[in-house]
Amino acid sequence: MPTMITPMRDPAMKETELSENSRTIVAAAIIFAGFLLFAYFLPSLMRAAIALSPYAAGVVAVVFIFAFFAVFWLRSRSKP
């Protein structure tokens, strides 16, 4: 009869650490989904901003790029 190979589990790893990892993954997925939604509407936002001023459209683009990195940086800083 074939034996199943089970992955070795570190005895020092607690269940709370596993749930912390899954919480981190879920938080990153939610943040990423929010930015995907923002990116979906970005062309419409750019057209509306360019109607005001080309500089306003530039500000919208810079805010989008900056916010993507700033949110993940702030998330990493809040972790103990």
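You'll find the structure just up there.
Residues numbered from 1 in each chain as written. Predicted model: local features only at pLDDT ≥ 70, side-chain atom pairs only at ≥ 80, totals over all residues. Heavy atoms only, no water.

A. Up close: the overall build of the chain. Across its full length, the chain carries 2 helices and 0 strands. When each of the 80 residues of the chain is scored for burial, the buried share is 10%. In the chain, the share of contacts with a sequence separation of at least 24, taken over all contacts with a separation of at least 6, comes to 53%. In the form shown here, the chain has an accessible surface area of approximately 7,000 Å², with 76% of it arising from carbon and sulfur atoms. (Helix = DSSP H or I, 4+ residues; strand = E, 2+ residues; numbered from the N terminus. Buried < 20%, exposed > 50% of the residue type's maximum accessible area, 1.4 Å probe, protein only. Contact = heavy atoms within 4.5 Å. Areas by Shrake-Rupley, 256 points an atom, 1.4 Å probe, with all protein chains shown as cover.)

B. Structural detail: the packing of aromatic side chains. Enumeration over the complete set of coordinates arrives at 7 aromatic pairs. Residues F32 and F68 carry aromatic rings whose centres are separated by 6.4 Å and whose planes lie at 65 degrees to one another, so their mutual orientation is edge-to-face. Placement of F32 in helix 1 (residues 15-52) and of F68 in helix 2 (residues 54-78) is noted, with a sequence separation of 36 residues between them. Taking 5.2 Å as the distance between ring centres and 75 degrees as the angle between the ring planes, the aromatic pair formed by F35 and F68 counts as edge-to-face. (Phe/Tyr/Trp six-rings, centres within 6.5 Å; stacked < 30°, edge-to-face > 60°.)

C. Fine view of a nonpolar patch on the surface. Side chains of L37, Y40, F41 and L45 sit close together on the surface and give an oily, nonpolar patch of about 440 Å² of accessible area. Among the residues examined, Y40 registers a relative accessible area of 62% and is labelled exposed. (Patch = residues over 30% accessible without salt bridge, like charges linked within 9 Å, V, L, I, M, F, W, Y side chains within 5 Å. Salt bridge = Lys/Arg side-chain N within 4 Å of Asp/Glu carboxyl O.)

D. The arrangement of the environment of A49 in detail. Note on placement: A49 falls in helix 1. The class for A49 is buried, based on a relative accessible area of 7%. Considering only alpha carbons, one finds A49 and V59, 10 residues apart in sequence, at a separation of 8.8 Å. Ignoring anything within four residues of it in the chain, the contact list for A49 reads A56, A57 and V60.

E. Here's a closer look at helix 2. For helix 2, spanning 25 residues, the distance from its first C-alpha to its last is 36 Å, which sits close to the expected 36 Å at 1.5 Å a residue. Residue S53 occupies the N-cap position of helix 2, its side-chain oxygen lying 3.0 Å from the main-chain nitrogen of Y55. (Expected span 1.5 Å × (residues − 1). Polar contact = N/O pair within 3.5 Å; in protein donor to acceptor, adjacent residues only side chain to side chain.)

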